[in-house]
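What follows is the residue order along each chain.
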Amino acid sequence: MAYISIIVPCYNVSSFIERLIESVLSQTYKDWELILVDDGSIDNTVEICIEYCNNDNRIRLLRQKNSGASSARNHGLKDAAGEYVCFIDADDWVEPTYLANMIESASISDTDLVVGGMKELNDRYVKEWATHVKSFSRVSFKDALTCKEFGQLLLGPVAKLFKREIISSFQLAFPENVRVGEDRIFVYNYLKHCKQVIFNGNVDYNYERRLDSLSKDRMPFKIAFNDYCAAEKLLADTKAEYLIPDDCIGFLAEIKVFHLERLLCSLMEPIGIIERAKRLKSIDTEFLWKHNSTGSIKMKVIYTLLHMRLYFMTSLIISLNCRR
């Protein structure tokens, strides 16, 4: 049977890590190794991991100083021995058939990437991200990139099965200089080397949307702008490689909107009105105007003012809101 390396970055996840490990131990497919990479946790995550390592030799713990999820995943990749690699976040968990379904799909000739569905859960709702079974060749992959049904599932590394040979041969890694969105860059760089991708239609990955997750943090403008530039390059490269017109980018627009909204969020801090107005000019407000789907009246007002290029007035309104 094909050997699978499961890589899990861990940082202060003592409340969740046992659930994840137990879900891996319950897999009907048994030929795997679980690589837990502790990223400098200061709670008792390490102690929990060590206990499981002592009880099952398929589980290994790697440790590093706090360097971020990208660094932790890269650390795990260097130590992986499997023919295939999959990534699971420490606060998520998988159903017992997860690996079996992945391997069954991967057994189809020339499949380089298997993409599964997932359930998104938080305190208020459960949402399924799923597709019907569909295979895309290199020639037809543009259809997957621009279609919301399939493209949404390509946003990150989880609920996927990668070939380690492709990762090693092309020296692929998660960019460590990007704070948010780095996982999407990794997936897209991997896709460049795929001949065939299969969406298997199974929903057996459970994604825990935590309200304190990194993607919800308000970041300094420089960091958010750096991430935005990385996303812009990703979008430009993808459009050029697959010859995608500007008006047909489909779900890819969501990547850009996500980073544009984070840029706006970074400007909600109390800074000088003139300085904020200058920074607002650097945001692609026309794109936000066309593609945003916010239901917030306050944000609609801000988008309208930016669309009218009233940067100083927008900055003033944000300043008044910050004071309140």
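Refer to the structure presented above.
Conventions and cut-offs
Residues numbered from 1 in each chain as written. Predicted model: local features only at pLDDT ≥ 70, side-chain atom pairs only at ≥ 80, totals over all residues. Heavy atoms only, no water. Axes fitted to C-alpha atoms, helices over the stretch in contact; angles between N-to-C directions. Helix = DSSP H or I, 4+ residues; strand = E, 2+ residues; numbered from the N terminus. Parallel < 35°, antiparallel > 145°, perpendicular 65-115°, else oblique. Left-handed = near helix turned anticlockwise from the far one by under 90°. Contact = heavy atoms within 4.5 Å. Nonpolar A, V, L, I, M, F, W, Y, C, P; charged D, E, K, R; others polar. Buried < 20%, exposed > 50% of the residue type's maximum accessible area, 1.4 Å probe, protein only. Core = buried A, V, L, I, M, F, W, Y, C linked by side-chain atoms within 4.5 Å.

*Asks:* Go over the packing of helix H8 (residues 182-191) against helix H9 (residues 221-242) with me, naming the residues and quoting the values.
*Replies:* Where H8 meets H9, the closest approach of the two axes is 11 Å, and the angle between their N-to-C directions is 20°. The orientation of H8 with respect to H9, classified from their angle, is roughly parallel. The way H8 lies across H9 gives a crossing that is left-handed. Along its contact with H8, which presents Arg184, Ile185, Tyr188 and Leu191, the element H9 presents Ala230, Leu234, Thr238 and Tyr242. Classifying every residue of the contact of H8 with H9 by side-chain character gives 6 nonpolar, 1 polar and 1 charged.

*Asks:* Can you break down helix H3 (residues 69-79) residue by residue, with the values?
*Replies:* Every buried residue belonging to H3 is among Ser70, Ser71, Ala72, Arg73, Asn74, Gly76 and Leu77, and all of these are buried. Each element contacted by the buried residues of H3 is listed here: strand S1 (4-10), strand S2 (32-39), strand S3 (59-64), strand S4 (84-87), helix H7 (164-169) and H8.

*Asks:* How would you explain the packing of H9 against helix H10 (residues 252-266) if you had to name every residue and give the values?
*Replies:* Where H9 contacts H10, the axes come no closer than 9 Å and their chain directions differ by 165°. With respect to H10, the axis of H9 lies roughly antiparallel. Our pair here, H9 against H10, has a crossing hand that is left-handed. Of the residues in H10, those in contact with Phe221, Ala224, Phe225, Asp227, Tyr228, Ala231, Glu232, Leu235 and Thr238 of H9 are Leu252, Ile255, Lys256, His259, Leu260, Arg262, Leu263 and Ser266. Across the contact of H9 with H10, the residue classes tally to 10 nonpolar, 3 polar and 4 charged.

*Asks:* Can you tell me about the nonpolar core, naming the residues and giving the values?
*Replies:* Phe141, Phe186, Leu191 and Phe199 are the most contacted members of the largest nonpolar core, which totals 65 residues. Considering every element that reaches this core, the biggest residue donor is H9, with 8 residues. Those residues in contact with Phe141 that sit more than four places away from it in its chain are Phe136, Leu154, Leu191, Val197 and Tyr242. In this structure, Ile21, Trp32, Tyr98 and Ile103 belong to the second largest nonpolar core, which totals 36 residues.

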